[in-house]
Amino acid sequence: DAMVIQNPRYQVTQFGKPVTLSCSQTLNHNVMYWYQQKSSQAPKLLFHYYDKDFNNEADTPDNFQSRRPNTSFCFLDIRSPGLGDAAMYLCATSRPPGVGGETQYFGPGTRLLVL
Amino acid sequence: AQKVTQAQTEISVVEKEDVTLDCVYETRDTTYYLFWYKQPPSGELVFLIRRNSFDEQNEISGRYSWNFQKSTSSFNFTITASQVVDSAVYFCALSENRSGTYKYIFGTGTRLKVLA
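Source: prediction; values computed, not measured.

Visitor: An account of the overall build of chain B is requested, with residue identities and associated values reported.
Guide: When its secondary structure is counted, chain B shows zero helices and 12 strands. For chain B, the N- to C-terminal ordering of α and β elements is β-β-β-β-β-β-β-β-β-β-β-β. A globule of 116 residues ought to have a C-alpha radius of gyration of about 13 Å, and chain B, at 14 Å, matches this closely. In terms of overall dimensions, chain B has C-alpha extents of about 45 × 30 × 20 Å along its principal axes. Scored against the burial criterion, the 116 residues of chain B give a buried share of 43%. Counting only contacts in chain B whose residues sit at least 6 apart along the sequence, the fraction spanning at least 24 positions is 55%. Total accessible area on chain B stands at roughly 5,600 Å², and carbon and sulfur atoms take up 48% of it.

Shown next as structure tokens:
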């Protein structure tokens with residue numbers, strides 16, 4: 001009964017080689033978030049979708065893109081990964097504001113290693 | 001400005017000791033939500049508790065208890081009779097509605113080590 005699923009759990013890529021991380025949810029939540037978490041740091045919000053509406057954080061590098069083809073799936077694309085992009089990437093979902101939207105449900109994360 | 005402070009970077013205790021993790025927050029809003037998450041070495045963020053700004057009742061769940069005090073803007077977390085399995089990083093977070101969506105402001109986390 002997994003609710004927020006992230007694949008793969010571990011991803012190894014090469015410097016500059018595009019990589020895509022995926023997130024799916026069975027909760028039918030309207031909002032999906034992508035976070036980056038580096039070692040010994042708090043998660044940092046990269047962007048989120050409210051349905052099809054995409055919201056980028058001001059300091060998210062252009063190297064990071066996202067796609068949400070339907071309610072259930074959301075993808076994080078890193079166009080040209082650098083060594084500094086090695087991190088844990090966490091996906092989360094929530095209901096809309098007003099109906100429990102204040103609580104986010106996290107997936108298990110994908111650890112990205114850049115060689 | 002909105003901010004969450006977890007002043008304790010790392011705490012080590014011996015098994016069966018009680019331990020309190022501190023969380024202090026700053027917000028302009030009258031309506032907000034506070035959370036605690038546990039992050040074990042596997043990396044997943046495990047939800048522990050949610051508290052809204054209008055509910056100052058303390059809560060107990062097994063060995064876990066939470067003390068919410070608006071007067072001091074604190075939301076502290078106590079583990080009673082700690083166990084090795086409690087070893088993890090614990091994050092306190094503040095959730096506020098910004099531009100129609102809730103966003104989390106995380107503290108920097110407290111790493112708890114419970115020694116056998």
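Visitor: Outline the interface of chain B and chain A, listing residues and values.
Guide: At the junction of the two partners, chain B supplies 23 residues and chain A supplies 25 residues. Roughly 1,800 Å² is buried in total at the junction of chain B and chain A, and carbon and sulfur atoms are behind 54% of that figure. At the junction of chain B with chain A, the criterion picks out two salt bridges. In this structure, Glu-57 of chain A engages Lys-103 of chain B in a salt bridge whose closest nitrogen and oxygen atoms are separated by 2.7 Å.

Visitor: How would you explain the state of the cysteines if you had to name every residue and give the values?
Guide: This structure, assessed with the given rule, holds two disulfides over all chains. A disulfide bridge connects Cys-23 of chain A with Cys-91 of chain A, and the sulfur atoms are separated by 2.0 Å. Disulfide Cys-23 of chain A-Cys-91 of chain A: the torsion about the S-S bond is -75°, which places it as left-handed. With a gap of 68 residues between them, Cys-23 of chain A in strand E3 (residues 19-25) and Cys-91 of chain A in strand E9 (residues 87-94) connect regions that are remote in the sequence. A relative accessible area of 0% places Cys-23 of chain A in the buried class. Overall, the relative accessible area of 0% leaves Cys-91 of chain A in the buried class. Shown here is the disulfide that connects Cys-23 of chain B with Cys-92 of chain B, its sulfur atoms set 2.0 Å apart. Given an S-S torsion of about -65°, the disulfide between Cys-23 of chain B and Cys-92 of chain B has left-handed geometry. Taken together, the positions of Cys-23 of chain B in the loop between strand E3 (19-21) and strand E4 (24-26) and Cys-92 of chain B in strand E10 (residues 88-98) put the pair 69 residues apart, joining distant regions of the chain. The residues Cys-23 of chain B and Cys-92 of chain B share a single accessibility class, namely buried. Lacking any disulfide linkage, Cys-74 of chain A is separated from the closest cysteine sulfur, that of Cys-91 of chain A, by 6.1 Å. Using a relative accessible area of 0% as the deciding quantity, one classes Cys-74 of chain A as buried.

Visitor: So what's going on with the pattern of salt bridges? Which residues, and what values?
Guide: All names here are of chain B. A full pass over the atoms with the stated rule returns eight salt bridges over all chains. When the shortest N-O distance is used, the salt bridge between Arg-51 and Asp-55 registers 3.1 Å. Relative accessible area serves as the criterion here: at 24%, Asp-55 is assigned to the partly exposed category. One network of salt bridges, with partners in common, ties together Arg-51, Asp-55 and Glu-59.

Visitor: How would you summarise unusual backbone geometry if you had to cite specific residues and measurements?
Guide: In this chain, Asn-7 of chain A is followed by Pro-8 of chain A through a cis amide linkage whose omega measures -10°. Positive phi, close to 65°, is recorded for Ser-40 of chain A, a residue that is not glycine. Here Ser-40 of chain A is to be found in the loop between strand E4 (31-37) and strand E5 (44-50). Look at Ala-81 of chain B: it is not a glycine, yet its phi comes out positive at around 50°. Tracing the chain through its elements places Ala-81 of chain B in the loop between strand E9 (74-79) and E10.

Visitor: Please provide a residue-by-residue account of the packing of aromatic side chains, values included.
Guide: Residues and elements named next belong to chain B. Counted by the stated rule, this structure contains 26 aromatic pairs over all chains. With 5.5 Å between their ring centres and 75° between their planes, Tyr-104 and Phe-106 make a pair best called edge-to-face. Residue classification places Tyr-104 among the buried residues on the basis of a relative accessible area of 7%.

Criteria and cut-off values
Residues numbered from 1 in each chain as written. Chains lettered and ligands numbered in written order. Predicted model: local features only at pLDDT ≥ 70, side-chain atom pairs only at ≥ 80, totals over all residues. Heavy atoms only, no water. Helix = DSSP H or I, 4+ residues; strand = E, 2+ residues; numbered from the N terminus. Rg over C-alpha atoms; globule rule 2.2 N^0.38 Å. Buried < 20%, exposed > 50% of the residue type's maximum accessible area, 1.4 Å probe, protein only. Contact = heavy atoms within 4.5 Å. Areas by Shrake-Rupley, 256 points an atom, 1.4 Å probe, with all protein chains shown as cover. Buried area = accessible area lost by both parts, 1.4 Å probe. Salt bridge = Lys/Arg side-chain N within 4 Å of Asp/Glu carboxyl O. Disulfide = S-S within 2.5 Å. Phe/Tyr/Trp six-rings, centres within 6.5 Å; stacked < 30°, edge-to-face > 60°.

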